[in-house]
Amino acid sequence: MTLMDIVWAAVRAAAVLVVTLGGMAYLTLFERRVVGFFQRRPGPNRVGWQGLLQPIADAVKLLFKQEIIPRNADKFVYFLAPCISLTAAFMLFAVIPIQSNFAITGIDAQTSLGLIEDVNVGLIYILAISSLGTYGVILAGWSGGSKYSFLGGLRSCSQMISYELALGLAIIPVVLYAGTFSLNGIVIAQQGFFGSLLAKPVNLIALIPIAIAGVTFVISMFAETNRNPFDLPEAENELVAGYHTEYSAMKFAMFFLGEYVSIIAAGALAATIFLGGWAGPLWFGPISGIVWFTAKTMFFLYLFVWVRATLPRFRYDQLMKFGWLVLLPVALLNVILMATLVVFGIGLTPA
Amino acid sequence: MEMNLLDLVGLAIAFPLLGTLILGLFGRFMPRIAVSIIAPATVGLSFIIGLITLFVYRTDSALIGGQPYVSYLFTWIQSGDFTANFSLLIDPLSITMMLIVTGVSFIIHVYSIGYMAHDKDHARFFAYLNLFVGAMLILVLASSLPVMFIGWEGVGLCSYLLIGFWYEKASANIAGMKAFVVNRIGDFGVLIAMFMLFASENFVSLEFLDINGAARIFGETNYNSPFIIAVCLFLFLGATGKSAQIPLYIWLPDAMEGPTPVSALIHAATMVTAGVYMLARLNVLFSIAPTAMLVVAVIGCATAFFAATIALSQVDIKRVLAYSTVSQLGYMFLACGVGAFWVGIFHLMTHAFFKALLFLGAGSVIHGMSDDQDIRNMGGLAKRMPVTYWTFLVAALAIAGVPFFSGFFSKDEILASTFWFGAEFPSGKILYVIALITAFMTAFYMFRLVIRTFLGKPVTEKAKKAHESPRVMTIPLIILAVLAFVGGYVALPHVISGPLGYSNPLEQFLKPAAQTYQISEHPVGEAYGVASAEYVETIEGVSVEGEDVIHEAAGHGEDEAHHPADISWYLILASIVFAGLGIWGAYLYFRMTDWAKLPALSRLIRRLQIVNDWSLKKWFVDELYQYTIVEPGKVLAQISLIFDQVVVDGIVNGTAGFFAFVGDRIRRFQTGIVREYALGILLGAVSVVIIVFITRMVL
Amino acid sequence: MTDVPMFYYTTLAALLFSIGAVGVIVKRNPILIFMSIELMLNAVNLSFITYSRYLHFLEGQVYAFLLITVAAAEVAVGLAIIVALFRSKREVDVDAASLMKE
Amino acid sequence: MAISFEIVFFGVFAGIAVILAIMMLSVKSPVHAALCLVGVMIMLAILYLMLHAYFLSVVQIVVYAGAVMVLFLFVIMFFYSPGASDPSRMSVHFTHIAGAIILAVILLAVITGSFLLSGNVSLTEKPSAAQMTDIEKPIAETSEAPLTEETSRMIEKQNPQLVGRMLFTKYLLPFELTSLLLLAAMVGAVVLARRSPPAEAGSAGGDGND
């Protein structure tokens with residue numbers, strides 16, 4: 001490891017940060033416009049052309065808003081919580097591959113976009129970081145010193161922990177299929193799927209558990225990111241505003257940021273794991289990977305907004321029952337199904 | 001292993017023990033008649049097996065080559081290189097003893113049916129009695145010292161159980177304990193001797209045949225060595241305990257507390273003969289220790305004399321007989337001590353007959369007198385109990401040594417052996433003189449007893465109402481009377497049998513097993529400082545003929561054939577005269593009350609009365625023991641008690657107190673505070689690691 | 001590529017372990033004691049993994065994995081006990097829970 | 001030669017870990033203490049990465065930071081509101097702390113000493129055959145040349161597979177026993193932490209326990 005490595009890694013990280021922040025900002029606009037479209041209203045269209053400067057205006061507004069810190073808050077934790085939320089969301093990007101030959105550093109021909117080299121633990125890393133995201137929620141809920149926010153935090157936290165299990169299990173069939181935890185490896189494995197289908201048509205069966213896993217994964221991701229229809233922590237009619245009730249101004253913005261960053265990350269992950277990530281049927285130069293990846297991610301982001309606009313919120317007990325009694329068993333059986341297929345030689349056997 | 005008919009002998013032990021088991025476990029639920037059949041039947045079967053054994057052994061000598069036969073039963077102890085087999089030795093000596101034991105015991109069993117007819121515990125009694133016989137058979141049939149010791153202890157246990165049979169009687173309990181304790185002292189001697197033999201390199205095993213065989217070789221180089229003398233004296237200590245010799249005779253007279261058949265069994269056939277038997281069994285061992293033999297002879301002679309003096313004045317019919325037993329046993333030891341082992345066994349046999357007869361007769365008298373045992377209350381019983389009287393008279397004549405009765409032959413043989421012993425060893429003549437005086441006293445006290453009991457006029461109402469015993473008791477008396485009369489004819493003196501052309505069958509039979517072995521370089525005479533030309537000749541003659549380095553030179557018995565016949569006749573005459581004098585003296589004593597009217601005599605009688613009193617008090621030996629041994633023992637026990645309470649208990653309680661104190665202190669560490677426990681764990685772990693370091697560095 | 005000496009890692013493990021041990025002894029709050037124990041366990045894990053790396057001994061990682069699992073089980077039960085303790089005593093102090101003393 | 005970045009990184013992370021560990025014992029609020037511990041664990045996870053134990057590093061975060069410490073925080077947050085500090089903290093006597101620190105120093109000396117005595121292995125030394133892992137052996141046997149950096153990197157990339165293979169072959173029994181232990185602990189925790197006897201729970205309704 002040389003100084004150059006570190007500098008390049010920092011540069012990469014910064015690039016990702018900038019791109020993601022920008023993307024996140026415009027995701028808010030995107031969401032509001034799409035939801036408005038669903039609800040047959042224009043949405044924000046006054047600031048800039050078609051409201052394109054709206055996110056900047058929001059940011060400025062949030063930055064200059066008065067900060068209100070509750071008197072009996074635990075200040076250190078109170079400040080820490082939004083940081084954790086945002087950091088954890090950003091850290092997800094560390095292992096998501098954007099290009100097959102992501103040549104920014106010029107050192108590793110094949111590398112993921114992130115600090116961690118592609119060492120075959122990418123998926124578990126995702127799980128680890130998303131479990132760290134829990135801290136932001138629970139600490140935010142507690143540190144405000146308010147019962148409402150604490151309850152919201154507890155709810156949100158237990159919801160995240162519950163759905164983390166289903167999330168983890170949903171990934172397993174893909175890992176079984178690809179034979180690696182590496183996200184890049186998974187993408188490559190998916191590239192070879194159609195080729196293996198020609199040689200072995202029976203491999204088509206493997207799509208069944210993979211599809212189930214995809215659905216489970218996406219549902220879990222909805223819950224993990226506290227998105228509709230699982231946005232219980234923010235059920236205004238019950239809990240005022242959930243775990244960030246006591247937050248305002250920039251710190252609230254950070255939660256907001258964190259949520260949207262994690263939505264983007266979730267979309268990117270789903271695109272990588274189930275839709276082939278940077279791989280695509282057409283190759284048009286060095287940027288084709290980024291294009292394909294962005295397109296697939298956008299699809300999932302649209303899905304997020306779409307669902308939010310159409311589905312009502314779950315009741316809390318329904319949410320828990322669904323997580324533990326439906327999603328988890330389905331994911332578990334799915335793992336068994338995939339494992340059986342792998343044992344019988346169906347699917348892509350890793351090299 | 002090939003079975004031999006002689007292996008049947010194990011059954012002889014098994015039957016009485018089986019009887020014990022049956023009677024002991026189920027006896028109390030059985031009808032009286034069943035008990036009365038089972039108990040004698042088991043002993044009777046043993047006796048039959050004894051007869052078979054004798055027959056097989058005599059006729060089938062080709063099979064076993066006339067050698068002792070060892071019947072292996074099982075391995076008893078197997079520990080390291082030490083092995084103790086439970087096996088039985090069959091040779092003339094054990095067969096003779098077995099027949100005596102089972103025969104007399106059988107008769108006593110039968111007699112007991114009548115005697116114990118009214119006792120509520122008769123099943124228990126017969127169980128003990130059977131156990132007694134079984135133990136005695138183990139004792140006499142054992143092929144090794146450890147196995148013999150089982151029987152040795154067994155009879156000791158049974159004597160305790162039987163003497164204390166009427167456990168409601170305090171005196172019976174005390175007598176039982178006395179017998180047991182005194183016996184234990186003797187047992188200690190046997191054990192020590194056994195350990196010494198085991199520890200010695202020269203004695204490879206504790207089998208009798210091996211001991212005797214090893215003794216022959218050992219005697220070659222270590223004739224009369226201190227080791228052998230010590231072993232023999234320890235063994236003899238055991239013998240004095242079992243066979244009631246000085247100084248351990250005191251339990252036997254007290255053993256009269258038991259039922260009379262028990263007295264008969266202990267005194268006549270079993271238990272007390274164990275010591276004599278052991279000496280005869282280990283004859284070679286004793287033969288190579290002449291000093292020990294001399295001690296045996298002197299003790300035997302002294303006991304014979306001493307007990308006879310006590311018997312002179314006793315008024316309890318059974319006590320007279322008890323001291324007479326002690327006295328007669330003394331004779332037997334005298335015989336063994338002078339080297340005439342077979343004579344000792346011979347006297348043992350005749351004594352078994354007439355002493356059993358005497359005790360059973362006495363039992364019959366006591367039965368007839370309604371349990372009164374004082375001869376001063378009797379008199380004139382001859383008319384009321386004729387069978388008892390006549391049989392008792394036969395026994396009295398036998399023990400007194402009247403010619404043609406069995407006791408005469410055996411006692412005469414002892415006296416003759418002692419005389420010839422004295423002939424070689426001048427100061428040994430004292431033994432002969434004392435033995436002769438004892439013979440006189442024997443005749444005296446026996447006839448004093450007969451006269452006071454059966455003759456004259458009844459003194460009390462009880463004596464007048466006395467009645468003859470039932471047939472189950474009188475028939476054994478008659479059988480024993482016949483035996484007491486003819487028992488001596490199996491071994492007539494050479495002076496008589498020689499001219500008759502009639503060899504001495506018992507001696508011939510016993511000779512291989514019980515005779516004096518002599519070492520070629522050390523004839524008996526030399527050991528006593530007398531070199532007999534005759535001996536040397538004999539020995540040399542044998543050594544030419546024999547092939548062994550060790551020569552089985554002629555014992556005293558065989559020597560007697562070479563003794564001049566006239567001296568032998570004189571000896572016989574002497575014993576007859578002393579017996580006759582004793583009987584006459586008894587008659588005079590009986591008439592003394594008439595003469596007491598003469599003043600000169602009355603003064604003499606009064607002076608004699610002191611002696612009589614001393615004799616009646618048994619020379620205050622019990623008192624002597626009381627003050628010299630028992631009382632100091634009690635003081636010692638008191639000291640031990642204080643020691644135990646102060647020091648031993650102090651140590652124990654102190655230890656407990658110490659730990660209670662330490663525990664109380666340590667308890668304070670058990671605060672219940674988890675953190676402090678954690679600290680303890682941590683400190684422990686750290687010290688373990690440090691200790692490991694230090695050891696690593698040091699090593 | 002210069003490697004970090006193994007001694008650095010082991011010293012770090014020892015340091016963390018010692019700090020954890022101090023926590024166990026000094027703290028009276030069972031939760032903090034528990035956390036100190038977790039710290040000690042982590043220190044042990046670190047030494048396992050250090051050895052695994054430097055001795056080319058993959059078992060070290062396996063042990064560490066098992067240790068983490070066992071620690072998780074331990075925490076579940078331990079925290080349940082603490083909750084139960086709190087319910088019965090209304091305060092969280094291990095010294096108050098010295099029932100064994102009597 | 002200049003200090004390598006690895007040593008710098010080690011120094012930074014280890015230093016943070018130690019500081020956080022000490023803070024864990026010194027901060028007032030239990031929640032802060034728990035957060036310090038989380039920090040220590042994350043630092044350790046990074047150190048695991050430096051030790052090429054990638055799988056363990058991630059497991060450390062998933063299990064310890066993601067599950068165990070969240071559970072701790074749950075419990076702590078039930079007991080302490082934000083402003084509160086550990087009430088039992090004040091009553092700890094100074095001498096106890098001093099004694100404990102002395103003990104800690106001794107312990108540190110002992111452990112470090114034992115580590116030193118048991119030898120220091122440098123990574124630049126090539127492993128002997130006995131030291132090689134099962135995966136390295138065949139590679140070392142087939143190729144004459146010593147393990148190149150690239151092959152060892154390749155092997156390291158297989159880390160989760162290697163650990164997994166070992167867990168499911170050689171250490172299957174301990175692994176299964178651990179799962180059994182987890183089950184037992186789960187049942188035990190549920191039983192211990194249950195609010196009250198079932199009779200009362202029935203009246204409280206089902207939603208109370210969610």
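Further up the page is the structure itself.
Overview of the structure. (Residues numbered from 1 in each chain as written. Chains lettered and ligands numbered in written order. Predicted model: local features only at pLDDT ≥ 70, side-chain atom pairs only at ≥ 80, totals over all residues. Heavy atoms only, no water.)

### Some words on the overall build of chain C
Our working definition: Counting from the N terminus, the helices are DSSP H or I runs at least four residues long and the strands are E runs at least two residues long. Only protein chains enter the accessibility calculation, which uses a 1.4 Å probe; a residue whose area is less than 20% of its type maximum is buried, one above 50% is exposed, and one in between is partly exposed. Every residue pair with non-hydrogen atoms within 4.5 Å of one another is taken to be in contact. Computed with a 1.4 Å probe, the accessible areas rest on the Shrake-Rupley method; for each residue, only the protein chains presented here act as cover.
Looking only at helices and strands, chain C has three helices and zero strands in total. For chain C, the N- to C-terminal ordering of α and β elements is α-α-α. In chain C, which comprises 102 residues, the proportion classed as buried is 70%. Restricting to contacts in chain C with at least 6 residues of sequence separation, those with at least 24 account for 56%. Accessible surface for chain C amounts to roughly 3400 Å². Of this, 70% is attributable to carbon and sulfur atoms.

### Re the interface of chain A and chain D
Here is the rule we go by: Using a 1.4 Å probe, buried area is obtained as the accessible area two parts lose upon being combined, added over both of them. Should a side-chain nitrogen of Lys or Arg be within 4 Å of a carboxyl oxygen of Asp or Glu, the pair is scored as a salt bridge. Any N or O atom pair separated by 3.5 Å or less is treated as a polar contact, with the protein-specific requirement of one donor-capable and one acceptor-capable atom, and with residues adjacent in sequence counted only for side-chain atom pairs. Only Asp, Glu, Lys and Arg are considered charged, only Ala, Val, Leu, Ile, Met, Phe, Trp, Tyr, Cys and Pro nonpolar, and every remaining residue, Gly among them, polar.
Taken together, the contact between chain A and chain D spans 36 residues of the former and 32 residues of the latter. With both chains or domains summed, chain A and chain D bury close to 2800 Å², and 78% of this area falls on carbon and sulfur atoms. The interface formed by chain A and chain D contains zero salt bridges. Summed over the shared surface of chain A and chain D, the number is two residue pairs in polar contact (both at pLDDT 80 or more). When contributions to the side of chain A that touches chain D are tallied by element, the ones reaching two or more residues are helix 1 (3-38), helix 3 (75-91), helix 4 (122-143) and helix 5 (147-178) of chain A. Of the residues forming the side of chain A that touches chain D, the biggest block, 12 residues, is contributed by helix 4 of chain A. For the side of chain A that touches chain D, a count of residues per class yields 23 nonpolar, nine polar and four charged.

### With respect to the packing of aromatic side chains
All names here are of chain A. Cut-off, in case you're wondering: Ring pairs are drawn from Phe, Tyr and Trp, using the six-membered ring of Trp, whenever the two centres fall within 6.5 Å, and their geometry is named by plane angle: stacked under 30 degrees, edge-to-face over 60, tilted for the rest.
Throughout the structure, instances matching the rule amount to 39 aromatic pairs over all chains. When the ring of Y302 is compared with that of W306, the centres are 5.9 Å apart and the planes differ by 40°; the resulting orientation is tilted. Taken together, the residues Y302 and W306, both in helix 10 (residues 288-310) and four residues apart, mark about one turn of the helix. Classification of Y302 by relative accessible area gives partly exposed; the value is 31%. According to the relative accessible area criterion, W306 is partly exposed, its value standing at 40%.

### Describing the pairing of strand 1 (residues 69-79) of chain B
Residue and element names in this part refer to chain B. Filter applied, for reference: For two strands to be treated as a pair, DSSP must find no fewer than two bridges joining them.
As judged from the nine bridges shared by strand 1 and strand 2 (residues 82-90), these two strands associate in the antiparallel manner. When the sheet's bridge partners are listed, Y69 is paired in strand 2 with I90. Where strand 1 folds back onto strand 2 in an antiparallel hairpin, the turn is made up of two residues, including G80, whose phi is positive at roughly 60°.

### Quick word on the packing of helix 7 (residues 207-224) of chain A against helix 10 of chain A
Residue and element names in this part refer to chain A. As a reminder of what qualifies: Here the axes come from fitting lines to C-alpha atoms, over the contacting stretch only for helices, and the angles between their N-to-C directions go from 0 to 180 degrees. Crossing handedness is defined as follows: a turn of the near helix away from the far one that is anticlockwise and smaller than a right angle gives a left-handed crossing, while the clockwise case is right-handed.
Helix 10 packs onto helix 7 with a crossing angle of 65° between their chain directions and a minimal axis gap of 12 Å. Note that helix 7 runs across helix 10; the crossing there is right-handed. For the pair helix 7 and helix 10, contact is made by V218, M221 and F222 and by F300, L303, F304 and V307, respectively. Per-class residue counts for the contact of helix 7 with helix 10 are seven nonpolar, no polar and no charged.

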